[in-house]
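# An overview of the molecular structure
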Amino acid sequence: VSDYIVPPLHPLNMIRSLSEVFADPDRPFTGRAVAFYGSKGGVGSSTLAHNMAWTLSERLMQETALIDLDSSWGTTALDFAYDSASGLEEALADADRLDDTLLDRIMVRHTSRLSILPTSSSLNTKPVTDPKAYEAIITAVRSISPLAVLDLPHIWNDWTTNVLTTVDDVVITTTPDLANLRNTKNLIDFLKAQRPHDSDPILILNQTGRCRTKEDEISVDNFAGAVGMDPSLVIGFDPDTFSRACNEGKMLPEMKTTDGLVPGLDYIAHRLRTGQFVTPAEMG
């Protein structure tokens with residue numbers, strides 16, 4: 001069996017499966033690409049992108065590439081305990097001649113299944129804004145990796161909107177306050193308009209329970225009703241664990257206090273790997 005569809009059947013999943021059956025065998029390999037984007041700075045989008053890439057590679061045994069696209073403030077090197085490396089900067093500088101050999105040299109092999117394109121996070125180099133340069137990097141990585149996780153900075157310009165409208169899936173990370181509600185609603189409306197034939201974005205509601213009283217925080221139900229979408233994952237406010245994981249260069253599933261979060265990460269990871277949400281029983 002080369003493919004199967006899990007009910008309830010969705011027209012997009014049916015079309016995708018049928019098109020893959022009749023795909024041109026001579027067409028160059030292209031892996032899936034998933035973009036993580038925060039509705040606002042500081043909502044935890046990068047942290048979740050890094051943890052999702054690790055979960056896919058280490059828990060689902062899926063060969064994965066993680067690309068840090070924030071040349072000025074990227075945190076991949078910090079989260080994975082590396083010295084600052086200029087992988088993204090080198091790739092952007094040579095985007096026209098990017099090939100397997102150059103990628104192999106500038107990407108960090110974190111494990112046998114996880115490769116990382118880090119960034120030096122330096123302010124000494126003016127950021128590249130040419131959409132074609134970023135498109136070349138993503139295309140090159142997708143040609144060698146079955147699944148690419150893209151950690152996007154919270155900026156809104158031609159290259160970020162181009163990435164958001166062309167990848168296979170978009171994961172929006174947000175928190176339950178008024179500014180994030182407005183931004184999330186705008187993002188969802190934009191993506192649905194620009195991607196009418198693609199799956200809806202995946203919504204992660206992070207840092208819930210941060211306020212002292214329920215009256216000071218937008219409830220999950222009210223937030224979902226306002227943006228017109230239920231979150232696929234709700235994560236409670238736990239600054240101690242998240243900070244400790246970052247400081248120790250560990251991923252959240254490696255921390256003893258995050259056992260309750262692991263099933264949620266697995267659930268989203270299965271969705272990103274297959275393009276379909278599955279039930280816990282189907283996940284095995």
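Located above this text is the structure these notes cover.
As the structure is a prediction and not an experimental result, all values here were calculated from the model. (Residues numbered from 1 in each chain as written. Predicted model: local features only at pLDDT ≥ 70, side-chain atom pairs only at ≥ 80, totals over all residues. Heavy atoms only, no water.)

### Details of the overall build of the protein chain
Note the threshold: Counting from the N terminus, the helices are DSSP H or I runs at least four residues long and the strands are E runs at least two residues long. The atom set for the radius of gyration is the C-alpha atoms, and the globule formula is 2.2 Å times the number of residues raised to the power 0.38. Relative accessibility thresholds used throughout: buried, under 20% of the residue-type maximum; exposed, over 50%; partly exposed, between the two (1.4 Å probe, protein chains only).
When you go through the protein chain residue by residue, the secondary structure sums to 12 helices and eight strands. What you see for the protein chain is a C-alpha radius of gyration of 18 Å, in line with the 19 Å of a compact globule of 284 residues. With the C-alpha coordinates aligned to their principal axes, the bounding extent of the protein chain is approximately 55 × 50 × 35 Å. Classification of the 284 residues of the protein chain by burial places 47% in the buried group.

### Examining the pairing of strand β1 (residues 32-38)
Selection criterion: Here, strands pair whenever DSSP counts at least two bridges between them.
Within β1, seven of the seven residues are buried, which leaves it mostly tucked inside the rest of the structure. Where β1 lies against strand β5 (residues 147-151), five bridges are found, and the strand directions are parallel. Residue pairing for β5: valine 34 is matched across the bridge by valine 149.

### Quick look at the layout of surface pockets
One simple way to see leftover space: roll a probe sized like a water molecule over the atoms. In plain terms, the rule: Cavities and pockets were defined on a 1 Å grid built over protein atoms only: a cavity is a set of grid points that admits a 1.4 Å probe from which the probe cannot escape, a pocket is an open set flanked by protein on both sides within 12 Å along at least five of seven lines, and lining residues are those with an atom within 4 Å of any such point. Grid points are joined across faces, edges and corners, and a volume is the space filled by probe spheres set on the points. Each residue is assigned to one of three groups, with Ala, Val, Leu, Ile, Met, Phe, Trp, Tyr, Cys and Pro labelled nonpolar, Asp, Glu, Lys and Arg labelled charged, and all others, Gly among them, labelled polar.
Taken as a whole, the second largest pocket encloses approximately 580 Å³ of empty space. Around the second largest pocket sit 34 residues that line it, and Val43, Gly44, Ser45, Ser46 and Thr47 are the ones nearest its centre. Counting residues per element, the ones that place at least two in the lining of the second largest pocket are α2 (45-59), β7 (202-208) and α10 (239-247). Its residues assigned to classes, the lining of the second largest pocket comprises 12 nonpolar, 15 polar and seven charged.

### Side note on helix α7 (residues 158-166)
Residue pairs spaced three or four apart in an α-helix point in one direction, given the helix's 3.6 residues per turn. Our working rule: Residue contacts are counted whenever heavy atoms from the two residues lie within 4.5 Å of one another. Side-chain atoms alone can form a polar contact between residues adjacent in sequence; in general such a contact is a pair of N or O atoms within 3.5 Å, and within protein one must be able to donate a hydrogen while the other accepts it.
Restricting attention to buried positions, one finds in α7 the residues Trp159, Thr160, Thr161, Val163 and Leu164. Residues of α7 that are buried in the fold lie against β1, α6 (131-142), β5, β6 (169-174) and α8 (178-194). Measuring from the backbone nitrogen of tryptophan 159 back to the side-chain oxygen at the start of α7 gives 3.3 Å, which picks out asparagine 157 as the cap.

### Topic: the sheet that holds strand β8 (residues 233-236)
The condition is simple: Every axis in this analysis is a line fitted to C-alpha atoms, fitted for helices over the stretch in contact. Angles between the N-to-C directions lie between 0 and 180 degrees.
Spatial strand order, β3-β4-β2-β5-β1-β6-β7-β8: eight strands in an open sheet with mixed pairing. Where the open sheet ends on each side, the last strands, each with one partner, are β3 (108-109) and β8. Here β1 pairs with β6 via five bridges, running parallel. Residue pairing for β6: glycine 38 is matched across the bridge by threonine 173. Of the strands in this sheet, β1, β2 (64-68), β4 (114-117) and β5 touch α6, which is tilted by about 150° from β5.

### Here we look at the nonpolar core
Worth spelling out the cut-off: Throughout this description, the term nonpolar core refers to a set of buried Ala, Val, Leu, Ile, Met, Phe, Trp, Tyr and Cys residues connected via side-chain atoms within 4.5 Å.
Core analysis: the largest hydrophobic core is formed by 40 residues, its most contacted members being Leu69, Ile137, Leu150, Leu152 and Val163. Take this core: its biggest share by element is six residues, from α6. Ignoring any residue separated from it by four or fewer positions in sequence, one finds leucine 152 in contact with Ala35, Phe36, Tyr37, Leu69, Thr160, Val163 and Leu164. In this structure, Met52, Leu60, Phe80 and Met251 belong to the second largest nonpolar core, which totals 29 residues.

### With respect to the pattern of salt bridges
Applicable threshold: By convention in these notes, a salt bridge is any Lys or Arg side-chain nitrogen within 4 Å of a carboxyl oxygen on Asp or Glu.
Inspection of every chain in the model, using the stated rule, returns 10 salt bridges. As a salt-bridge pair, glutamate 58 and arginine 113 come within 3.5 Å of each other at their nearest N and O atoms. Here arginine 113 lies in the loop between β3 and β4 and glutamate 58 lies in helix α2, a separation of 55 residues in the sequence. Looking at glutamate 58, the relative accessible area reads 21%, which means it is partly exposed. According to the relative accessible area criterion, arginine 113 is partly exposed, its value standing at 24%. Of the charged contacts in the structure, one is a salt bridge between aspartate 177 and arginine 210, with a shortest N-O distance of 3.5 Å. With aspartate 177 in the loop between β6 and α8 and arginine 210 in the loop between β7 and α9 (220-227), this residue pair connects regions lying 33 residues apart in the sequence. In this structure arginine 210 comes out as partly exposed when scored by relative accessible area, which is 36%. Overlapping salt bridges, with partners in common, bring together Arg32, Asp169 and Arg271 in one network.

### A look at α8
Our working definition: To estimate the expected span of a helix, count its residues, drop one, and scale the result by 1.5 Å. The directions considered for the arc run from the helix axis to the C-beta atoms.
Between its first and last C-alpha atoms α8 spans 24 Å; for 17 residues at 1.5 Å apiece the expected length is 24 Å, and the two agree. Among all positions in α8, only Asn180, Leu181, Asn183, Thr184, Leu187, Ile188 and Leu191 are buried. What you see down the axis of α8 is that its buried residues fit within an arc of 170°, all on one side. Away from the buried face of α8 by more than 90 degrees, exposed residues Leu178, Arg182 and Ala193 are located. In this structure aspartate 177 caps α8, since a side-chain oxygen of it lies 3.4 Å from the backbone nitrogen of alanine 179.

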